[in-house]
Amino acid sequence: TRKYDRMISKLQRQFSRKEKGSKRRESARLRLAKWIKRRSDFISHWTHQISYNLSKSDYNAFAVEEWGIQKMMIDNKKNEKLPRKVKRAFNRKLKGLCIGDFRNKLAYKSDLVGKTYIKINPKNTSRTCSSCGHIYEGLLLTERHWACEKCEAENDRDVNAAQVVKAKAFEK
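What comes next is a walk through the structure. Remember, predicted model here, so these are calculated numbers, not experimental data.

**Here's the deal with the packing of aromatic side chains**
A full pass over the atoms with the stated rule returns three aromatic pairs. Note on Y4 and F42: the rings are 5.3 Å apart at their centroids and 40° apart in plane angle, and the pair reads as tilted. Here Y4, found in helix α1 (residues 2-17), pairs with F42, found in helix α2 (residues 23-55); they are 38 residues apart in sequence, far enough to count as distant. Accessibility expressed as a relative area gives 14% for Y4, which makes it buried. Residue F42 is classed as partly exposed on the basis of its relative accessible area of 35%. With a centroid separation of 5.2 Å and 15° between ring planes, the pair formed by Y136 and W146 is classed as stacked. Separated by 10 residues along the polypeptide, Y136 in the loop between β2 (116-120) and β3 (145-147) and W146 in strand β3 bring together distant segments of the chain. As far as burial versus exposure is concerned, Y136 and W146 are alike and both buried. One aromatic cluster is present, formed by Y4, W35 and F42 through successive ring pairs. Above the face of the F15 ring, R25 is positioned so that its terminal group lies 4.2 Å from the ring centre. We note R38 situated over the ring of W35; from NZ or CZ to the ring centre the distance is 4.6 Å.

**Considering the packing of α1 against α2**
Contact pair α1 / α2: the axes reach a minimum separation of 9 Å and the direction vectors enclose 165°. Considering the angle they form, α1 stands roughly antiparallel to α2. The chirality of how α1 crosses α2 is left-handed. For the pair α1 and α2, the contacting residues are K3, Y4, D5, M7, I8, L11, Q12, Q14, F15 and S16 in the first and R25, A28, R29, R31, L32, W35, I36, R38, R39 and F42 in the second. Class assignment for the residues of the contact of α1 with α2 results in 10 nonpolar, three polar and seven charged.

**Comments concerning a nonpolar patch on the surface**
Taken together, the side chains of Y108, L112 and V113 make up a nonpolar region of the molecular surface, amounting to roughly 300 Å² of accessible area. Within the fold, V113 resides in the loop between α5 (99-112) and β2. A residue is classified by how much of its surface remains accessible, and V113, at 36% relative accessible area, is partly exposed.

**Digging into the pattern of salt bridges**
Tallied over the entire structure, the rule returns seven salt bridges. Taking the shortest distance from any N to any O, the salt bridge between R29 and E26 comes out at 2.5 Å. Separated by three residues within a single helix, R29 and E26 lie in helix α2, roughly one turn from each other. Residue R29 is classed as partly exposed on the basis of its relative accessible area, which comes to 37%. Residue E26 is classed as partly exposed on the basis of its relative accessible area, which comes to 36%. Note that R144 and D158 form a salt bridge whose closest N and O atoms lie 2.8 Å from each other. Of this pair, R144 sits in the loop between β2 and β3 while D158 sits in helix α6 (residues 157-171); the two residues are 14 residues apart in sequence, bridging distant segments of the chain.

**Focus: the side chain of S55**
Its place among the elements puts S55 in helix α2. Among the polar contacts made by the side chain of S55, one reaches the main-chain carbonyl oxygen of Y52 at a distance of 2.8 Å. Beyond its immediate chain neighbours, meaning those up to four positions away, S55 contacts F62, K109, S110, V113 and K115.

Cut-offs used in this document
Residues numbered from 1 in each chain as written. Predicted model: local features only at pLDDT ≥ 70, side-chain atom pairs only at ≥ 80, totals over all residues. Heavy atoms only, no water. Phe/Tyr/Trp six-rings, centres within 6.5 Å; stacked < 30°, edge-to-face > 60°. Helix = DSSP H or I, 4+ residues; strand = E, 2+ residues; numbered from the N terminus. Buried < 20%, exposed > 50% of the residue type's maximum accessible area, 1.4 Å probe, protein only. Lys NZ or Arg CZ within 6 Å of the ring centre and 35° of its normal. Axes fitted to C-alpha atoms, helices over the stretch in contact; angles between N-to-C directions. Parallel < 35°, antiparallel > 145°, perpendicular 65-115°, else oblique. Left-handed = near helix turned anticlockwise from the far one by under 90°. Contact = heavy atoms within 4.5 Å. Nonpolar A, V, L, I, M, F, W, Y, C, P; charged D, E, K, R; others polar. Patch = residues over 30% accessible without salt bridge, like charges linked within 9 Å, V, L, I, M, F, W, Y side chains within 5 Å. Areas by Shrake-Rupley, 256 points an atom, 1.4 Å probe, with all protein chains shown as cover. Salt bridge = Lys/Arg side-chain N within 4 Å of Asp/Glu carboxyl O. Polar contact = N/O pair within 3.5 Å; in protein donor to acceptor, adjacent residues only side chain to side chain.

Structure below.
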């Protein structure tokens, strides 16, 4: 999508330079609208492809964390520790990923082919030890690896979260 983003930003600059009410401004507006539509169609097609391939795969169930994307973006804006540029980049990246759209497509396609779609509450998935179930309260976002205080198991944040989500899915 970088190609589309670069072209859209270039066309937006060109559009802003045109004189209001002119024919050239109208043609620049139409050109910009076409590229925005192309980007949207590209992302929609990509999410359809990925969700279709997953629904046709050998997996019988899909366990997905139900993130509140809008809440994540609002909380990120309120974060005083991060610079404004970083917050904007994170929010833009979240919007561009179309996570909610992908989840919806995967849910209805898995239902069509008779596979199970399970929503998992994301609370404490990266903090809970996959070995013993102990919740590590002091985990920071910058920590990628951590050791459990109870069973002393070494945990990678992402791998551990995936194992906890899988365990929660089997409970349901």
